[in-house]
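Coordinates in review
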Amino acid sequence: SARHGSGRTAYHFQPAKNWQNDPNGPMYHNGMYHLFYQYNPHGATWGVGNLSWGHSVSGDLVNWASLDAAIEPTSPFDANGCWSGSATILPGGVPAILYTGISADGEQVQNVAFPKNASDPLLREWVKPSYNPVIPLPADVPGDFFRDPSTAWLGRDGLWRLAVSAKVGNAVGSTLIYRSNDFRLWERNVAPLQESRAAGMVECPDLFPVAEPGAEEGLDHAPRTGTGVRHVLKLSATDTFQDYYAVGRYNDTTDTFEPEDDGDDCQSWRRLDYGHVYASKSFFDARKNRRVLWAWANETDSQADDVAKGWSGVQIFPRKVWLDNDGKQLRQWPIEEIETLRSRKVGLLGTVVNSGGVNEIVGVAGTQADVEVVFEIPALEGAESFEPNWLLDPQRLCGEKGASVPGGIGPFGLLVMASDDLQEHTAVFFRVFRHHDKYRVLMCTDLSRSTTRAGVYKPPYGAFVDMDIEAHGGIVSLRTLVDHSVVESFGGGGRTCITARVYPEHAENGNSHLYVFNNGTGAVKVAKLEAYELATATVNVGDDGLIQP
Ligand code: DQQ
């Protein structure tokens, strides 16, 4: 069908057609979720000058109704585009939007917008006060390097703060703080929140507090006197087109952020996802007391393909994020509402996959699936030994030691989006190495066989899973969401995430298979496997009746 042709997704967020990029201003307000997004209403490419804020609402973060664009480039302070920004719920419950406008002069400035009618449950119309921009371009920042205001928060002194990305002077990836007592007049703090001197320009800053290690609830931005609260700073780096985060301490007096275990350059921090996502943004979901993350996953076929199919770009399935027990890394997990889409289920329990084994998981449609596996390694001693320089480039290691290269323990994992003859498949797998007296777990998504089509980007993606597999009894888990052209994987309980876009030829006609495989020398046990077929969600197909707060 047209819906599923060319990799169109069934339960990931997409507008009905055209280009989308960054998620903007996600929020929960009056029983309704809102997602805005960078949208070109005129076509399937990023259109300089016509970026608008697309707008959709949902009662459950799964099914979405599309509304008219919330903000369009119609004013002198945004005539050349309405770029990324964030929502803030003001005291009293009325939301405000802060966003970057590309002015009639081509300069990046920060603007504010408010609901026209705050009692409209869908917040359909937004007004841009004529006093915009609220933050003009500073004298020491070039005109095209000042953008992406964050959600604002109140300090203990009663002043608002927001973070915004800038290149200050020469090639400094700075995140600036502005303060205000009325949300209208903003003053820059002398010190930046953070500087990544080795990075050219950073974008889309997201600063948020996290609960104590291991606690899964989210925190809002309420001012806190406690000293125990850690914060996470996420930055998107233009040099690498990747999202990085550090766990650290935010000082609300100096308005500065210090990573706890990482250096100053964000490009050396952990990545939110070791696949293909960018410009992520989180929000506090007061309905379920959790922090939810969105991110853009763009196409990896050609621009001509995008024009032909009439759309480009998806959002990741929303993820809950929290601080791991180790206090150092985030854990990410698909929000539980995905379970409302689960239909057919098949499972395995205690199956041993011997060396060279490829077991098909029969009974669920392999194009829309949610697969959770718990692998158990009976004997870790069989692990290959690890060469220290491999630490530097896990992605390369995944390329050299792909799914078909035998090892000691692993490669073992899943083959998804596989054709009848296995000519096409995407491999998501682990390999375990011994490094002195420790074990290292490598996670890979290998796209080299994902499609027989030419002109598609098919890299290996990879990263280590920061966990002690020995202390975990030789157990490592994998969850993979498959949605036509999206393969989104969560290794080690969401410690390492890899999102990939795939364009298998065979899937155009429907039939796709799922397998568990093991190309290691040692046997691997599937302690538990549950695979669910997922129903198609209602995503921006215009059925407003479905959306109930
Ligand atoms: N995309 C927006 C910018 C942002 C960039 C423009 C990140 O505001 O910096 O579409 O993808």
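First things first, this report covers the structure right here in the doc. (Residues numbered from 1 in each chain as written. Predicted model: local features only at pLDDT ≥ 70, side-chain atom pairs only at ≥ 80, totals over all residues. Heavy atoms only, no water.)

1. Some remarks on the packing of aromatic side chains
Tallying each qualifying case throughout the model produces 29 aromatic pairs. Taking the centre distance of 5.5 Å and the plane angle of 85° together, the rings of Phe386 and Trp390 count as edge-to-face. With relative accessibility at 16%, the residue Trp390 sits in the buried group. Joined through ring pairs, the aromatic side chains of Phe13, Tyr37, Tyr39, Trp64 and Trp294 make up one cluster. Here the basic side chain of Lys309 rests over the ring of Trp311, its NZ or CZ set 4.5 Å away from the ring centre. Just above the ring of Trp322 sits the side chain of Lys320; from NZ or CZ to the centre is 5.2 Å. (Phe/Tyr/Trp six-rings, centres within 6.5 Å; stacked < 30°, edge-to-face > 60°. Buried < 20%, exposed > 50% of the residue type's maximum accessible area, 1.4 Å probe, protein only. Lys NZ or Arg CZ within 6 Å of the ring centre and 35° of its normal.)

2. A few points about unusual backbone geometry
Note the cis peptide between Asn132 and Pro133, where omega equals 0°. Mapped onto the elements, Pro133 comes out in the loop between strand E8 (126-127) and strand E9 (146-147). Following Gly410, the chain continues into Pro411 via a peptide bond in cis, with omega recorded as 10°. Among the secondary structure elements, Pro411 is positioned in strand E30 (residues 409-418). (Helix = DSSP H or I, 4+ residues; strand = E, 2+ residues; numbered from the N terminus.)

3. Here's the deal with the state of the cysteines
Between two cysteines, a covalent bond joining their sulfur atoms is known as a disulfide. Counted under the stated rule, the structure contains one disulfide. Covalently, Cys398 is tied to Cys444 through a disulfide, its sulfur atoms 2.1 Å apart. Its torsion about the S-S bond being -80°, the disulfide of Cys398 and Cys444 is classed as left-handed. Residue Cys398 is found in helix H2 (residues 394-400), and its partner Cys444 is found in strand E32 (residues 438-446); the two are separated by 46 residues along the sequence. For Cys444, a relative accessible area of 0% corresponds to the buried category. With no disulfide of its own, Cys82 lies closest to Cys204 among cysteine sulfurs, the gap being 15 Å. (Disulfide = S-S within 2.5 Å.)

Just distances and angles here, no functional claims.
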